[in-house]
Amino acid sequence: MKAKLRMDAAQLALGGPLGFATERDLVALAAALDAVEVPALSSTEEGLLALRSELPGGFVAQVRREIANGNDPLGELFCEVRSSVSRRSQGAVYTPLPIVRWMLRRIADQGEPARVVDPGSGSGRFLVEAGRAFPRAELVGVELDPVAALLTRAHLAAAGLACRARVVVEDYRAVALPRIGGRTAFVGNPPYVRHHLIEARWKQWLTDQARSRKLQVSQLAGLHAHFYLATALHARPGDFGTFITAAEWLDVNYGSLVRGLFLEFLGGRSIVVVEPSERPFPDALATGAVTEFEVGTRPDSIRFERVATVAGGLATAEPRMICRERLESERRWSQLTRSVRRGPEGYVELGELCRVHRGQVTGANKVWTEGPHSAKLPDSVLFRTVTRARELFQADGRLASDSMLRRIVDLPEDLSVFSASERKAIDRFLAAARQQGVHLGYIASKRRAWWSVGLRTPAPILATYMARRPPAFVRNVVNARHINIAHGLYPREPLAEAVLERLTKYLATGTSTQDGRTYAGGLTKFEPREMERLLVPSPGLLMQQTS
Ligand SMILES: C[S@@+](CC[C@H](N)C(=O)[O-])C[C@H]1O[C@@H](n2cnc3c(N)ncnc32)[C@H](O)[C@@H]1O
């Protein structure tokens, strides 16, 4: 479909490398599909009307046919015309249609809504599907981006749904949703935008609104948390809904607001973790979490499911019911979607034996890694360090030599301990770093002394934590340091050498990618706490093993 559209668009000679490459072209197409005027675009309206007449009828008819067949050519063209970088900054990553349909089936299982609201409607995928699924429902899209709003209108118009639809170009947090007689279903994919792109006044709004409801809130929360809060404010008892977002709020501190809203204000019923086991959807990079809620209810237990996205759809696994008290006391929820793994007799969680710590972030590897710019620095400030995951993969279980490792400059906070000649070399090195603005970088400026990287002490066992394969566990006999590409395993109590050796071997062979979090394309990540949950034989059991 895409290739065909491009070819037809190229014949339009509308300019740009693809032939159909500007937002103006897209807006003209929307106008040709009878999208109703969008206020924010009205100044250019005349030009658009003129452009509309330039579009060959055949092309417009083809777009109509695609829409009638259940596709979203407008969304696809939008994703081509607007770069992925700028779309990401607005949280405009559209939901794959199989997931949209699946979520709407779950809504249908809960009843027929009188109104469907999509916060951040994008190209209108959810609204059009909802319009088809619920023939009497009023359809409301709220979209801040006027071009996307116009696409929603065009999509609805071409699908024959415009008469019961309303698309508002406004911020979802500020929009007024009039009360209606029946139930409203909130469905969609709240935009995922990180906190540093969120305006201070909205962060303040989040804090004020959350605090007044006695909810824990962090200003590090992303835009999706703002949308959850806005939904709790817009909704009335009896309203219900389903949202898909990236899954990180299940586990991170700044996700506590969404967890609190889900449990207390939205009437959360179920959470489905959608894990991309393949990469069938180009835009869906991260693991998703689909929530289902019914405002005004307070279920005693919440249904947890884990599904895998496979080409063409979703494969469901056995659901689990988790009681509310457990969710209230747990700070991380994604583990709860996995079936409990019980180890054989004598097995313990790795965390009982070792703390797992990610290596230090330098903030500017180029500067802090030894090179010509660090010549003449005293040897005492240069540390052999694992700086690349492949150094651990290649070590084959035992880091027996450090000669291949690069050295990291790690200066103490107190520079008065150096002799005059050492101090001269250090000052020269730091002056060059300053010139590059290293002292102003986010990480450096947060350190007590910006020049002191603060590498962790050598960990007896090192592990990779992000790859398309299980982690490499390596016995670090050369006492190398590690930066944030690796985790270090630090025994809580001293462990005998034989135990360390056997533990490393056990972890290297007994850990599977299933134990971590899998992202699109099979990339698996183990956060330190996840690694601590791995089941391993106790030291006594390890000692009984014959080597
Ligand atoms: C993740 S996309 C979802 C689009 C569509 N619902 C879908 O699932 O395919 C989020 C949408 O929210 C819009 N958006 C971002 N910030 C917004 C805000 N403050 N108010 C309303 N819409 C917003 C973006 O422009 C984007 O179209």
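Note that the coordinates shown come from a computational prediction; the quantities given were computed from them, not determined experimentally. (Residues numbered from 1 in each chain as written. Predicted model: local features only at pLDDT ≥ 70, side-chain atom pairs only at ≥ 80, totals over all residues. Heavy atoms only, no water.)

Asker: Any chance you could explain the pattern of salt bridges here in plain terms?
Answerer: Note on pairing: side chains with opposite charge can pair once their charged atoms come close. Applying the stated criterion to the full structure yields 33 salt bridges. Notably, a salt bridge pairs Glu 129 with Arg 132, separated by 3.5 Å at the nearest N-O pair. Of this pair, Glu 129 and Arg 132 both sit in helix H8 (residues 125-133), three residues apart, which is roughly one turn of the helix. Through salt bridges with shared partners, one network takes in Arg 106, Glu 292, Arg 303 and Glu 305. (Salt bridge = Lys/Arg side-chain N within 4 Å of Asp/Glu carboxyl O. Helix = DSSP H or I, 4+ residues; strand = E, 2+ residues; numbered from the N terminus.)

Asker: Help me understand H8, please; the structure alone is not making it clear to me.
Answerer: Side chains that are three or four residues apart share a direction in an α-helix, a result of its 3.6 residues per turn. The buried fraction of H8 amounts to seven of the nine residues, a majority that puts the element mostly inside the structure. Buried within H8 we find Arg 125, Phe 126, Leu 127, Val 128, Glu 129, Ala 130 and Gly 131. On the buried face of H8, the contacting elements are helix H5 (73-81), helix H7 (97-110), strand E1 (115-119), strand E2 (138-142), helix H9 (146-158) and strand E4 (184-188). (Buried < 20%, exposed > 50% of the residue type's maximum accessible area, 1.4 Å probe, protein only. Contact = heavy atoms within 4.5 Å.)

Asker: Where do I start with the pairing of strand E3 (residues 165-168) in this structure?
Answerer: On any regular strand, side chains alternate: one points to one face of the sheet, the next to the other face. Pairing analysis gives four bridges linking E2 to E3, with the strands arranged parallel. Its bridge partner being in E3, Val 142 is matched across the sheet by Val 168. (Pairing = 2+ DSSP bridges.)

Asker: How do you make sense of the packing of helix H2 (residues 23-32) against H9 when you look at a structure like this?
Answerer: If you want to describe how two helices pack, look at the angle between their axes and the distance between the axes. It is at 9 Å that the axes of H2 and H9 come closest, and there the two elements cross at 30°. Overall, the two elements H2 and H9 adopt an arrangement that is roughly parallel. Between H2 and H9 the crossing geometry is left-handed. Along its contact with H2, which presents Glu 23, Leu 26, Val 27 and Ala 30, the element H9 presents Val 147, Leu 150, Leu 151 and Ala 154. A per-class count over the contact of H2 with H9 returns seven nonpolar, no polar and one charged. (Axes fitted to C-alpha atoms, helices over the stretch in contact; angles between N-to-C directions. Parallel < 35°, antiparallel > 145°, perpendicular 65-115°, else oblique. Left-handed = near helix turned anticlockwise from the far one by under 90°. Nonpolar A, V, L, I, M, F, W, Y, C, P; charged D, E, K, R; others polar.)

Asker: Honestly, the site of the ligand in this entry has me stumped. Any pointers?
Answerer: As a matter of local geometry, the ligand sits amid 24 residues, with Gly 91, Thr 95, Gly 120, Glu 143 and Tyr 172 nearest to it. Between the ligand and the protein, one listed contact pairs an oxygen atom with a side-chain N or O atom of Glu 143 at 2.6 Å. Residue Leu 144 places a main-chain N or O atom 3.3 Å away from a nitrogen atom belonging to the ligand. Listed by contribution, the elements that provide at least two residues to the shell around the ligand are H8 and helix H11 (223-234). Each residue belonging to the shell around the ligand can be placed in one class, and the counts come to ten nonpolar, seven polar and seven charged. (Near = heavy atom within 4 Å. Polar contact = N/O pair within 3.5 Å; in protein donor to acceptor, adjacent residues only side chain to side chain.)

Asker: What am I meant to see in the sheet that holds strand E17 (residues 473-475) here?
Answerer: Either a parallel or an antiparallel arrangement is found when strands of a sheet pair, and the pairing is made through backbone hydrogen bonds. Read across the open sheet, the four strands follow the order E12-E19-E15-E17; overall the sheet is antiparallel. Edge positions in the sheet fall to strand E12 (354-358) and E17, since each has one partner strand and no second. Each strand axis lies, on average, 25° off the axis of its neighbour in the sheet, ignoring direction.

Asker: Even after reading the chapter, I still don't get H9, so can you show me in this structure?
Answerer: In a regular helix each residue adds 1.5 Å, so 13 residues correspond to 18 Å; H9 covers 18 Å between its end C-alpha atoms and thus fits that length. For H9, the tally of buried residues reaches twelve of 13 residues, placing the bulk of the element in the interior. When we look at burial in H9, the residues that qualify are Val 147, Ala 148, Ala 149, Leu 150, Leu 151, Thr 152, Arg 153, Ala 154, His 155, Leu 156, Ala 157 and Ala 158. At the N-terminal end of H9, a side-chain oxygen is found 2.9 Å from the backbone nitrogen of Val 147, two or three residues along, and the residue is Asp 145. (Expected span 1.5 Å × (residues − 1).)

Asker: Which parts of the structure should I look at to understand the side chain of Arg 106?
Answerer: Mapping Arg 106 onto the fold places it in helix H7. A distance of 3.0 Å separates polar atoms of two side chains, one belonging to Arg 106 and the other to Glu 292. For Arg 106, the side chain forms a polar contact with the side chain of Glu 305, separated by 2.8 Å. In contact with Arg 106, other than residues within four places in its own chain, are Ser 270, Val 272, Glu 292, Arg 303 and Glu 305.

Asker: It is not clear to me how the sheet that holds strand E18 (residues 481-482) should be interpreted in this structure. Could you clarify?
Answerer: The mixed open sheet is built from three strands, whose spatial order is E14-E13-E18. The open sheet has two edge strands with one neighbour each: strand E14 (406-409) and E18.

Asker: I tried to follow empty space enclosed by the protein on my own but got confused; where do I start?
Answerer: Rolling a probe over the atoms, with the probe sized like a water molecule, indicates the empty space that remains. This model, assessed by the stated rule, comprises one cavity of 30 Å³ or more. Taken as a whole, the largest cavity spans an internal volume of roughly 40 Å³. Lining the largest cavity we find Gly 70, Asn 71, Asp 72, Leu 97, Arg 125, Val 128, Glu 129, Arg 132 and His 155. Ranked by the residues each element gives to the lining of the largest cavity, the list is headed by H8, at four residues. A breakdown of the residues in the lining of the largest cavity according to their chemical character gives two nonpolar, three polar and four charged. (1 Å grid on protein atoms, 1.4 Å probe; cavity = no way out; pocket = protein on both sides within 12 Å on 5 of 7 lines; lining within 4 Å. Points joined across faces, edges and corners; volume = space filled by probe spheres on them.)

Asker: Would you take a moment to explain unusual backbone geometry for this structure?
Answerer: Peptide bonds are trans in most cases, and residues, glycine excluded, mostly fall at negative phi. Even without being glycine, Lys 376 reaches a positive phi, approximately 80°. Its place among the elements puts Lys 376 in the loop between helix H15 (365-368) and strand E13 (382-386). Residue class for Lys 376 comes out exposed when judged on its relative accessible area of 68%. With a phi close to 55°, Asn 479 is a non-glycine residue in the positive phi region. Among the structural elements, Asn 479 can be located in the loop between E17 and E18. Accessibility expressed as a relative area gives 49% for Asn 479, which makes it partly exposed.

Taken by themselves, the reported measurements are silent on function.
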